[in-house]
Amino acid sequence: MHSTKRLFRLAVSGALAVSMFLPSSLAMYQAKVTADALYLRESPGGDIITTLPEGTLLAVLSNSSSWYKVAVDGKEGYVSGEYVRGTQTEDFSLGSAKIVCDTTVNFRSQPNTSCSVIASLSNGTVVSITGVSNGWFKATYNGQSGYISADYVSFSGVQASSGSSSDTSTVTAPTNVVSYNGTSEKRAAVLEYAAQFLGTPYVYGGSTPSGFDCSGFTSYVFANTVGSIPRVAQAQYDATTRVSLEELLPGDLVFFGSSPSSISHVGIYVGDNQFIHSPHTGDVVKYDSLTGSYATRFQGGGRVIFD
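Because the structure is a prediction, the values reported are computed rather than measured.

A. Representation of the overall build of the chain. Along the chain, the regular secondary structure elements total four helices and 22 strands. Partitioning the contacts of the chain with sequence separation of at least 6, the portion at a separation of at least 24 is 59%. Taken as a whole, the chain presents about 13,400 Å² of accessible surface, with 48% of it coming from carbon and sulfur.

B. How the structure looks around the sheet that holds strand E18 (residues 253-257). The strand order across the open sheet formed by six strands is E17-E22-E18-E19-E20-E21, and the pairing between neighbours is antiparallel. Of all the strands in the sheet, just strand E17 (241-243) and strand E21 (286-289) have a single pairing partner and so form its edges. Strand-to-strand twist across the sheet, computed as the mean angle between neighbouring axes with direction ignored, equals 40°. Pairing of strand E19 (residues 263-271) with strand E20 (residues 274-277), which is carried by three bridges, proceeds in the antiparallel orientation. When the sheet's bridge partners are listed, Gly-271 is paired in E20 with Gln-274. Lying over the sheet, helix H1 (residues 185-195) contacts E19, E20, E21 and strand E22 (298-303), oriented at roughly 110° with respect to E19. Across the sheet, helix H2 (residues 214-223) touches E18, E19 and E20, and the angle it forms with E19 is around 45°.

C. Representation of the side chain of Ser-215. With respect to the helices and strands, Ser-215 occurs in helix H2. Note on Ser-215: relative accessible area 5%, which makes it buried. A polar atom in the side chain of Ser-215 sits 2.8 Å from the side chain of Arg-231. With sequence-adjacent residues up to four places away left out, Ser-215 is seen in contact with Arg-231, Val-232, Ala-233, Gln-236 and Val-266.

D. Molecular detail of the nonpolar core. Counting 41 residues, the largest nonpolar core has Leu-58, Val-79, Phe-217, Phe-222, Leu-253, Ile-268 and Ile-276 as the members making the most contacts within it. Per element, the largest residue contribution to this core is five residues, and it comes from H1.

E. The arrangement of the pattern of salt bridges in detail. Summed over the entire model, instances satisfying the criterion amount to six salt bridges. Here Arg-231 makes a salt bridge to Asp-213, at a shortest N to O gap of 3.1 Å. You can see Arg-231 sitting in the loop between H2 and helix H3 (233-239) and its partner Asp-213 sitting in the loop between strand E16 (211-212) and H2, a full 18 residues away along the chain. Take Asp-213: its relative accessible area is 9%, and that puts it in the buried class. Note that Lys-286 and Asp-283 form a salt bridge whose closest N and O atoms lie 2.9 Å from each other. Judged by its relative accessible area of 11%, Asp-283 falls in the buried class. What you see here is one network of salt bridges that share partners, running through Arg-187, Asp-252 and Arg-303.

F. Looking closely at the packing of H1 against H2. Close contact between H1 and H2 brings their axes to 9 Å; oriented N to C, the two are set at 125°. For the element pair H1 / H2, the angle class is oblique. Our pair here, H1 against H2, has a crossing hand that is right-handed. Packed against H1, whose contacting residues are Val-190, Tyr-193 and Ala-194, the element H2 presents Phe-217, Tyr-220, Val-221 and Phe-222 at the interface.

G. Structural detail: the pairing of strand E12 (residues 136-141). Here five bridges tie strand E11 (residues 126-133) to E12, and the two strands are oriented antiparallel to one another. Directly across from Gly-131, in E12, lies its bridge partner Lys-138. Linking E11 back to E12 in an antiparallel pair, the connection comprises two residues, with Asn-134 at a positive phi of about 55°. Bridge count between E12 and strand E13 (residues 144-149): six bridges; the pairing is antiparallel. Among the inter-strand pairings, Phe-137 is bridged to a residue of E13, identified as Ile-148. Between E12 and E13, which pair antiparallel one after the other, the connecting turn spans two residues, and Asn-142 there sits at a positive phi close to 55°.

H. Here's a closer look at the environment of Tyr-269. Among the secondary structure elements, Tyr-269 is positioned in strand E19. Classification of Tyr-269 as buried rests on a relative accessible area of 9%. Sequence separation between Tyr-269 and Gly-251 is 18 residues, and the spatial gap between their C-alpha atoms is 5.6 Å. Ignoring anything within four residues of it in the chain, the contact list for Tyr-269 reads Leu-191, Leu-248, Leu-249, Pro-250, Gly-251, Asp-252, Val-254, Gln-274, Phe-275 and Leu-290.

I. View of H2. Of all 10 residues making up H2, eight are buried, and the element is well covered by its neighbours. The set of residues buried in H2 consists of Cys-214, Ser-215, Gly-216, Phe-217, Thr-218, Ser-219, Val-221 and Phe-222.

J. Local environment of H1. Of all 11 residues in H1, eight are buried, a share of seventy percent or more. Within H1, burial applies to Arg-187, Ala-188, Ala-189, Val-190, Leu-191, Tyr-193, Ala-194 and Ala-195. Residues of H1 that are buried in the fold lie against strand E7 (84-86), H2, E19, E20, E21 and E22.

Reading the values: the criteria
Residues numbered from 1 in each chain as written. Predicted model: local features only at pLDDT ≥ 70, side-chain atom pairs only at ≥ 80, totals over all residues. Heavy atoms only, no water. Helix = DSSP H or I, 4+ residues; strand = E, 2+ residues; numbered from the N terminus. Contact = heavy atoms within 4.5 Å. Areas by Shrake-Rupley, 256 points an atom, 1.4 Å probe, with all protein chains shown as cover. Pairing = 2+ DSSP bridges. Axes fitted to C-alpha atoms, helices over the stretch in contact; angles between N-to-C directions. Buried < 20%, exposed > 50% of the residue type's maximum accessible area, 1.4 Å probe, protein only. Polar contact = N/O pair within 3.5 Å; in protein donor to acceptor, adjacent residues only side chain to side chain. Core = buried A, V, L, I, M, F, W, Y, C linked by side-chain atoms within 4.5 Å. Salt bridge = Lys/Arg side-chain N within 4 Å of Asp/Glu carboxyl O. Parallel < 35°, antiparallel > 145°, perpendicular 65-115°, else oblique. Left-handed = near helix turned anticlockwise from the far one by under 90°.

Purely spatial values, then, with no claim about function.
Below is the structure:
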């Protein structure tokens, strides 16, 4: 049940989400271009804004159709979703954006609403977007780094700051990708492969890239990376080695339910108290925090990878 099979790694890309008043139910994630060259258009099938070379990192704002609304290099537009894929990359330049709100929005120290507030940013404030994390934008303002909720960030109509080295005219390969201290190649492969499916819709009973339920997602990821695990959440719990919350490593499974014999949900731990999962009907594969109801329902971790 803990067998380690041959490693199967995919080169995955990323997608991040930022737009004015983007509904929270839509997937927000970072992605990169997989085609040799991809047109960024003003509207689905509309006039060409620019051409994005292979490997360009961008933010997916909406993926509700075959045309994805994206942000890249301080611009917003549309690309064919066939040629972008999700990635683990978090830190990369997206250029300048502006705050869109009624009064002010909090600039926070971490990507959540329970952390400390660095500053309050007023409507129209221009910031440099330097990454994405769990649906929040990482940004710099007045020399300070912090996070802003994606609901209050827009790239439309913002000109890059002339004197800023972080606001370049092209999006280049990332210089600071997500890393997990002490994470083995096998564990990293699981996380990278899982990230490819960010934004994939939840489908009850689904176990393919066209749609996943929670255990369909975890079983598919493991089968295509380090080895097969049982299909359903309770069986995955029963078949894996227990680890506590404090012992969790990136690539371990995390299980939720009312008791150890009533496991109803499963995801993959990614580090820093975060996990990736396919939550429920009407939602998509995304990252979440091991807090709130997830912390209350947490029944333990499950280890498949031993290294």
